[in-house]
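Understanding the architecture of this molecule
Below are the chains, spelled out letter by letter.
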Number of protein chains: 2
Amino acid sequence: MSGPQSRLGSVLGHLVGHKNTHPPSLGSNEATNPVYKHVLTPTLFLERAAAIEPEAEAIVHITANGRMLRRTYAEFADRARGLAWFFAKGGFRRVGILAPNTPAFLDTIFAAGASGGVLIPANYRLIAADVAYVFDFADVDIIVADQQFVNLLTEGADCFAASHPTIPILTDLDIDTTEGELRGAFDTAVLEGLKFEAHRPDPADRGWAGLHAYVASLPNHKPLDEDDTVAIPFTSGTTAKPKGVEFSHRGAYLAALANVAESGLNGDDTGEAGKSARCKYLWTLPMFHAVGWTFPWSVCAVRGTHVCLRKIDYGLIWKLLREEGVTHFNAAPTVNTLLCAAPEAARLERPVKVTVAASPPTAHLFEQMTGLNLHPVHVYGMTETYGPITRGYILPEWNKLPGHQKFERMARQGHGFITSLAARVVKTDDDGNAITAKNSKGVVTFVDVPRDARTIGEIVFQGNICAKGYYKDPAATAKLFAGGVLHSGDLAVMHPDGSVQILDRAKDIIISGGENISSVALESILVEHPDVLEAAVVAVPDSHWGERPKAYLTTKTAKGGDGKPVVIGQQAFLDWVKHQSGISRFMVPREMEVVTELPKTSTGKLQKNVLRQWALKGTPDDVKVAP
Amino acid sequence: MSGPQSRLGSVLGHLVGHKNTHPPSLGSNEATNPVYKHVLTPTLFLERAAAIEPEAEAIVHITANGRMLRRTYAEFADRARGLAWFFAKGGFRRVGILAPNTPAFLDTIFAAGASGGVLIPANYRLIAADVAYVFDFADVDIIVADQQFVNLLTEGADCFAASHPTIPILTDLDIDTTEGELRGAFDTAVLEGLKFEAHRPDPADRGWAGLHAYVASLPNHKPLDEDDTVAIPFTSGTTAKPKGVEFSHRGAYLAALANVAESGLNGDDTGEAGKSARCKYLWTLPMFHAVGWTFPWSVCAVRGTHVCLRKIDYGLIWKLLREEGVTHFNAAPTVNTLLCAAPEAARLERPVKVTVAASPPTAHLFEQMTGLNLHPVHVYGMTETYGPITRGYILPEWNKLPGHQKFERMARQGHGFITSLAARVVKTDDDGNAITAKNSKGVVTFVDVPRDARTIGEIVFQGNICAKGYYKDPAATAKLFAGGVLHSGDLAVMHPDGSVQILDRAKDIIISGGENISSVALESILVEHPDVLEAAVVAVPDSHWGERPKAYLTTKTAKGGDGKPVVIGQQAFLDWVKHQSGISRFMVPREMEVVTELPKTSTGKLQKNVLRQWALKGTPDDVKVAP
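Note on numbering: residues in each chain are counted from 1, in written sequence order. In the order they appear in the text, chains get letters beginning with A and ligands get numbers beginning with 1. Only residues with pLDDT of at least 70 are given local features in this predicted model, and only at 80 or more are side-chain atom pairs given and counted; all residues enter the totals for whole chains, interfaces and linings. Hydrogen atoms and water are omitted, and side-chain values are computed over all heavy atoms in the structure.

Digging into the relation of the copies chain B and chain A
The transform that puts chain B on chain A rotates by 180° and translates by 0.0 Å along the axis, for an RMSD of 0.1 Å. Here the copies are linked by what is in effect a two-fold axis. When C-alpha distances to the rotation axis are compared across chain B, the minimum falls at Ala-261 of chain B, with a value of 3.3 Å. Here a residue-residue contact requires only that any non-hydrogen atoms of the pair lie within 4.5 Å. An overlap of 100% is found between the interface residues of chain B and their copies at the interface of chain A, pointing to a shared contact surface. We place the copies in one frame by least squares, fitting the C-alpha atoms of every residue whose pLDDT is at least 70 in both.

Description of the sheet that holds strand 12 (residues 352-356) of chain B
Strand pairing within a sheet occurs via backbone hydrogen bonds; the two strands may be parallel or antiparallel. All names here are of chain B. Here the rule is simple: two strands pair whenever DSSP picks up at least two bridges between them. A run of H or I in DSSP counts as a helix once it spans at least four residues, and a run of E counts as a strand once it spans at least two, with each numbered from the N terminus. Spatially, 2-1-10-9-11-12-13-14-15 is the arrangement adopted by the nine strands of the open sheet, whose pairing is mixed. The strands lining the two open edges of the sheet, one partner per strand, are strand 2 (68-72) and strand 15 (415-416). The pairing of strand 11 (residues 328-331) with strand 12 spans four bridges and is classified as parallel. The residue of strand 12 that forms the bridge with Asn-330 is Thr-355. Axis definition: a line fitted to C-alpha atoms, limited for helices to the stretch in contact. Angles are taken between N-to-C directions and run from 0 to 180 degrees. Contacting strand 1 (57-62), strand 2 and strand 10 (305-307), helix 3 (residues 73-90) runs over the sheet at an angle of about 85° to strand 2. The strands touched by helix 15 (residues 363-371) within the sheet are strand 12 and strand 13 (374-382), with strand 13 carrying the most contacts at an inclination of about 140°.

Description of the sheet that holds strand 10 (residues 305-307) of chain A
Residues and elements named next belong to chain A. Overall, mixed pairing links the nine strands, which are arranged 2-1-10-9-11-12-13-14-15 in an open sheet. Because the sheet does not close on itself, it has two edges, and the strands there are strand 2 (68-72) and strand 15 (415-416). The pairing of strand 9 (residues 280-282) with strand 11 (residues 328-331) spans two bridges and is classified as parallel. Residue pairing in the sheet places Leu-282 in a bridge with Phe-329 of strand 11. Running over the sheet, helix 3 (residues 73-90) touches strand 1 (57-62), strand 2 and strand 10 and is turned about 85° from strand 2. Where helix 14 (residues 333-341) meets the sheet, its contacts fall on strand 11, strand 12 (352-356) and strand 13 (374-382), and the angle it forms with strand 11 comes to roughly 115°.

A look at the pattern of salt bridges
A pair is scored as a salt bridge if a Lys or Arg side-chain nitrogen falls within 4 Å of a carboxyl oxygen belonging to Asp or Glu. Counted according to the given criterion, the structure contains 62 salt bridges over all chains. Note that Arg-250 of chain A and Glu-226 of chain B form a salt bridge whose closest N and O atoms lie 2.8 Å from each other. One end of the pair, Arg-250 of chain A, is in helix 10 (residues 249-262); the other, Glu-226 of chain B, is in the loop between helix 9 (207-216) and strand 7 (229-231), on a second chain. With respect to burial, Arg-250 of chain A and Glu-226 of chain B carry one shared label: buried. Several salt bridges share partner residues, and in doing so they unite Asp-542, Arg-548, Lys-550, Arg-590, Glu-591 and Glu-593 of chain A into one network. Summary of the burial criterion: residues with accessible area below 20% of their type's maximum are buried, those above 50% are exposed, and those between are partly exposed, where the area comes from a 1.4 Å probe applied to protein chains only.

Quick look at the confidence of the model for chain A
Residue and element names in this part refer to chain A. A residue's pLDDT is the confidence the predictor assigns to it, expressed on a 0 to 100 scale. Taken over all residues, the pLDDT of chain A has a mean of 88, while the share at 70 or more is 91%. For residues 1-31, every residue scores under 50 in pLDDT, and the model assigns this stretch 83 contacts once sequence neighbours within four places are set aside. The ipTM value of the predicted complex is 0.89, and its pTM value is 0.89.

What to know about the side chain of Lys-406 of chain B
As for its placement among the helices and strands, Lys-406 of chain B is situated in helix 16 (residues 405-410). Counting of polar contacts relies on pairs of N or O atoms within 3.5 Å, with two restrictions inside protein: one atom must be capable of donating a hydrogen and the other of accepting it, and residues adjacent in sequence are counted only when both atoms are side-chain atoms. One polar contact links Lys-406 of chain B to Asn-399 of chain B, side chain to side chain, over a distance of 2.7 Å.

Let's talk about the interface of chain B and chain A
Counting residues at the interface gives 81 residues for chain B and 81 residues for chain A. Note on definitions: buried area is the accessible-area loss of two parts on being combined, 1.4 Å probe, summed for both. Summed over both partners, the interface of chain B with chain A comes to about 6,500 Å²; 53% of that surface belongs to carbon and sulfur atoms. Three residues, Val-35, Tyr-36 and Ile-418 of chain B, lead the burial of chain B against chain A; their summed loss comes to 11% of the area buried on that side. Linking chain B with chain A are 10 salt bridges, by the criterion used here. The tally of links between chain B and chain A comes to 25 residue pairs in polar contact (both at pLDDT 80 or more). Ranked by residues supplied to the side of chain B that touches chain A, first place goes to helix 10 (residues 249-262) of chain B with seven residues. Considered class by class, the residues forming the side of chain B that touches chain A number 36 nonpolar, 21 polar and 24 charged. Amino acids outside the nonpolar list (Ala, Val, Leu, Ile, Met, Phe, Trp, Tyr, Cys, Pro) and the charged list (Asp, Glu, Lys, Arg) are all regarded as polar, and Gly is one of them.

Brief notes about the side chain of Thr-383 of chain A
Topologically, Thr-383 of chain A is positioned in the loop between strand 13 and strand 14 (387-391). Under the relative-accessibility criterion, Thr-383 of chain A is labelled buried at 5%.

Some remarks on the environment of Thr-428 of chain A
All names here are of chain A. Relative to the elements of secondary structure, Thr-428 occurs in the loop between strand 16 (424-427) and strand 17 (436-438). In this structure Thr-428 comes out as buried when scored by relative accessible area, which is 18%. On a C-alpha basis, the gap between Thr-428 and Leu-574 in space is 33 Å, while along the polypeptide they are 146 residues apart. Not counting residues up to four positions away in its chain, the partners in contact with Thr-428 are Asn-433, Ala-434, Ile-435, Ile-456, Gly-457, Glu-458 and Leu-491.

Points about the pairing of strand 13 of chain B
All names here are of chain B. Summarising burial for strand 13: nine of the nine residues are buried, a large majority. Here strand 13 shows a buried face lined by Leu-374, Pro-376, His-378, Tyr-380 and Met-382 and a second buried face lined by His-375, Val-377, Val-379 and Gly-381. In this sheet, strand 13 lies alongside strand 12 in parallel orientation, the contact comprising five bridges. Looking at the pairing, Thr-355 lines up with Val-377 of strand 13. In this sheet, strand 14 (residues 387-391) lies alongside strand 13 in antiparallel orientation, the contact comprising four bridges. Its bridge partner lying in strand 14, Val-379 is registered against Arg-391. What sits between the antiparallel neighbours strand 13 and strand 14 is a turn of four residues, in which Tyr-386 has the positive phi angle 60°.

Here it is, written out as structure tokens:
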């Protein structure tokens, strides 16, 4: 352990001690269960981690005031438990959070769960009215807000506080202070909870066991059922109001366990003396997004270190990869593209596993990453599937394939997760809606597409890694689960080996002269051009063909130059596409435009709806690059 | 793939093809479940493995006729599914198996599960009457028996067949034949099931999906509940009739997933080109013992290779470790002791993980193993907990401890598994029975021992990794779960770090002059003598002290000598114990005897009840070594 201990940390240490001297908690094994069953809930992973290895490094973080904070699992667990006491005694059951990837976010995830509550994370890049919508719709009764974003809750006529003046907001300053007086409402709440615990006369009423017993004694308490809701993350809502996705304790537990196995978070402690194999997980993925794909729970399940990160800063990420011994991170393809293009990019000494999802990656990107010792674990999913639900398993025989065919195969979305049922691709109508037909028994059912790598259908899922549905939206839930499967809305083919590969969201397919053009496939070809950094393709109306593809590009920064992006001429680029990229003639875009930046969601997904607006109304001046 | 393909394999290949061309099965997601839930069952892991990577090597095995057999996951899945069809169409729901660690055993585990049945494995080292007792008690309606052990079922007045002449016995010859005519009843049944499938007119009625639909259509079929019983392995029954332990689908699934994470079976497929990271698991642990601690399911969950083994042969094990690239095996301390002492023992080039359990290992053994590049994963459990339920996690700071303190800590049984609730050690009375007391709230409860590494209590468990109870034995089940916990019957202390360490079975504690002597602790000291191979200590009656310890030893083979064990004189040895081993005076045994072999169960547990007999009635001549 190095780095300054926070003042608060030492106060807490004094109050509760760093050793868990209480008897192990029974967790959620309430009297309603037989001896041989306990409720599946990921909330217990923190309690367990602190019991096994209290001095293990749980959190590394550069605070808002620029200090390096390091916390052990004992400290992390004490803080989360303190906050849970605060929520329990105050009767707060629906906990909103608006924060970047801070230690307070992690504290709040576990505190909400341990006090029997529900976590509602909001995207801090939304406008105030949309943040207010999320928290109002999800019926929060308290909010934890990072100092940097609290104004989104408190300023303006349409902010949340304006319409909900009595809901408490706990501001986290995210500072590591050596002066005790500098303390925000969040730290005060943690301390208040721990003081409440410390002043309970009977030692049996303290600690995790005491907390669980206290929660169970509250009025209207119902014993936890594993199908109860643990969190309601919201969809990004690019085309409609964001929808609240209900995560169950059971689903989150099974998804978190799957992520341990699929991303290989479980280290090997049996190695030679001195070699530490603890997972060090860098928080590049926003925690508000699908509760960080359940990784807050997965990392604690294996007593890994959370390396927090307030914002994406590629220079800082490279520094942390080198200096903190990061072993894993998760990021969308766009983040990885920019990471590989950053001036600090250079091959790492030790391999790092990068779990990649959010939009379809290109083989080109995977090849680049591998060259930097960043090894892709390609997964696919959505908020409605707790984040990842499929993985592109890398088969040993692929290593013998010529050229970059290995990377092309790695770019497939693959097969259902270890704890999931299989992914299916089912036939759709011309609008991309899954269609049913009578099977040979006369039963009306969805029909799987042939495994021909050509027939496009919709990916659908079933089973434990599907969320429970949309909060307070039975119509949308019914649509999501229509016909007894979860509809992803993503179009894909199935390869002969049973792996799925996404082509597009239904609405992103370009239909030109009766031919389907996959914008994803086209983009993966355009980025092969040596000067192109990113490519995005959308349909624009065409009087003759119905639709035609238009490409938006960003370009690489000139090497050794003035740091400005390379200029590409439209005609030269389209000629390259036509003659050298090797694509079918009908797919060749007839227009392209270079921009300084592509529109993206907070999670790094391309906002094609915005691009379609640009195509119709003209590209905004602030991103337009002169041709 | 190398090695000859079996004739049967190619017949099957012709019938069903090696590619799964059927739509992915819905597995057990029957209509009774909502979209977002499916039944937790480990049976689906084989189906999933074959769908993802049909050509992966699933099984490597030296057959009874000495040939090297290699099967892919496609072949393994086809065989298991064929057998499942055979069970389903014949109405066989309770499948007994009497076999060493063969491919047929693996086929039968998955076939019984996939046809909705229950697996009942019996120990082939039992006498015929005891085998008959197990299969009769568990109500089997069919038995799979290896050719080597079928006589246990069919010969003698008290054999199973004598009293159950109509129950079919499928004999597995375990031969890899190039002549089609040599085929036992087991292979014939597999083929019959596959032919039945192949002749179903509608392709939708074939494959896994067809099988699941067929099973669901059977009369009296009930949709699978995850709490239903998947297997009934029996306890070893050293002191009473063996008891049938009911494994549920849910418990087996969660235990199997935990074993993936805890033993690190999930390989890393993201490594550099050409480096295969597939788990190659060597079957040293008997599959009949607690269904191989759930590893048949765990290994399939990660598409690992099962390296089967008909019997423990230390020379062969070393050969397989070297030549087959084995990455993992499981074995009791006694097996590891003899493996380390084998003439073939030499440090391996690549590290192998060895999951060790069944009786408390010594620090000495762990140090020896590590020197050979065999890295212990120390777990603890019993048949009633699906095998392993705790793990001795190795903390990084232990690498800095002087001497062999690291290995002493590794010899502790540790903490509850990733999918378990915490292990507890509760106070006991003088007879070693856990006792309850009123807590500060007036609630009668078990009382945890202090974390002082001294106070002896009983280890108890709760939650998902506890089996459902004993089949048809409510009295024993009530005793097992008395007071709402699972009683292990093992005595242990709790260390200040919350890890548990077993001292003895309650009945193995030696009480001498009012002092408790742990036979396990004493044994771990005696094996430090340079000539001692194994040590076992039991109590013998003593008129003055009540009891006194007596040591039974086996000795090492003289290096470079005639292969005969080293001779140790009683007086010289006891002098060494008294003056050089560093133990407390009251613990020093006053008698020792060298034997050629210690009595052990089939799973490698010392049979202390037999040793107590020897102590009373004299050591049998065939193991006695002249003093």
